[in-house]
Structures are given as C-alpha cells and as structure tokens.
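Understanding the architecture of this molecule
Read off the chains here:
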Amino acid sequence: GLFTGPESVDEATGSLYLTEWGDGSRVWELDLETLKLRSMRDTHDTGSFGATVDAERRRLITSGFWGINVFDLDTGELLLRQRLGPGVREAQIDTHNDLIYVATTFGGHLWVIDRDTLRTLARVSTGLGGRRPYVSHDGRRLFASSQSHIFVIDTDAIMRRLAPHR
C-alpha cells in the first residue's frame, strides 16, 4: 500500500510524495496535475508511514520501519539515514523553533531533531503506540500520544532544556 498526506506536497515543484508500506521501501514523486511519475527513490528501509516536505529547507523526510531518511528535494541526494527505533512515524516540522519531532510506535519515544543540522537533540519517553505528533499553529504546544496517553508539551520548556545543546 501507499501512504501520503497534506504534509507530502511540495508546492514549489507541484509534487506529491507517496511512500510504500509493507511491500516495498520506495518513495514515489508524482506530478500533482498529471499524476505522472517524476522520480522514485529507495530508502532501503522496510516500509514507511509517510513523507514530510520541509519546503523552507528543501528537504524530504521519510519515515521507515527503523528510522528516518532525509533527501535533498532538488537533487534527490540522500542527506541522512538515522535509526530511531521500530515503527517510526511521519516527521512533524516545528517552524517556530526549528525542530523536527518524530515518534516511534514500538520504541515508545518522541525524538527531537535540530532542523538545520539534523542532529538528534533529545528523546522523550511517551510509551508504546506513538503516533505522528502535531505542533499548534502558534508553535507554543506540542501534542504527542501513545496507546494510552495524550501529552501536551509546552515548546518553550523544550527550548529551555535544549538551550545548552544547541
């Protein structure tokens, strides 16, 4: 099957990204108007819950069963392959704090990644069953979940804790 969502659209190029789940590890780039295949990339990871376009940084972040893969949107070059644990979900871009949040379904963590350097900054324990996190429109709250809890986290508190590491 294929996964996509609103975060998988690159408005600058008119591209839609689809990721394979269960039966492959490819990322399909389709023309939004014609739906014709523009390119295909292989993540060499087992399945994916989706792709997130970071339009400002011109990056495509794909989830895989074991981690994330970050591609340059313009060249297709693989910039980073990072293992984060099993069941990695779609990345959430925090444009207010220049962070990327990535949850793991089976790993029980929410990872905090520097948006510019792609360096992992922190791991927040959430419990098993994590799903895609969300950042509020004003950037003040991060919503995360596990199979039994919902977390509302003040992003200012995250920034204070990360200050010595950035």
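Residues numbered from 1 in each chain as written. Predicted model: local features only at pLDDT ≥ 70, side-chain atom pairs only at ≥ 80, totals over all residues. Heavy atoms only, no water.

1. Details of the pairing of strand 12 (residues 109–114)
When a strand is regular, its side chains alternate between the sheet's two faces. Here strand 12 lies mainly inside the structure; 6 of its 6 residues are buried. Pairing of strand 11 (residues 99–103) with strand 12 involves 5 bridges; the strand directions are antiparallel. Residue pairing across strands places Ile100 opposite Ile113, the latter belonging to strand 12. Hairpin connection, strand 11 to strand 12: the antiparallel pair is bridged by 5 residues, and Gly108 has positive phi, about 75°. Of the pairings in the sheet, the one linking strand 12 to strand 13 (residues 120–125) comprises 5 bridges and is antiparallel in character. Considered in strand 13, the bridge of His109 is made with Ser125. The hairpin turn running from strand 12 into strand 13, its antiparallel successor, is 5 residues long, and Leu118 in that turn takes a positive phi close to 65°. (Buried < 20%, exposed > 50% of the residue type's maximum accessible area, 1.4 Å probe, protein only. Helix = DSSP H or I, 4+ residues; strand = E, 2+ residues; numbered from the N terminus. Pairing = 2+ DSSP bridges.)

2. Some points on the packing of aromatic side chains
This model, assessed by the stated rule, comprises 4 aromatic pairs. With a centroid separation of 5.8 Å and 80° between ring planes, the pair formed by Phe3 and Phe49 is classed as edge-to-face. Here Phe49 lies in the loop between strand 5 (37–42) and strand 6 (51–54) and Phe3 lies in strand 1 (residues 2–3), a separation of 46 residues in the sequence. On the basis of relative accessibility, which here comes to 30%, the residue Phe3 falls in the partly exposed class. Pairing Phe65 with Phe106 gives two aromatic rings, centres 6.0 Å apart and planes at 45°, and the pair type is tilted. Residue Phe65 is found in the loop between strand 7 (59–63) and strand 8 (67–72), and its partner Phe106 is found in the loop between strand 11 and strand 12; the two are separated by 41 residues along the sequence. Here a set of aromatic residues connected by ring pairs shows up, and it is made of Phe3, Trp21 and Phe49. (Phe/Tyr/Trp six-rings, centres within 6.5 Å; stacked < 30°, edge-to-face > 60°.)

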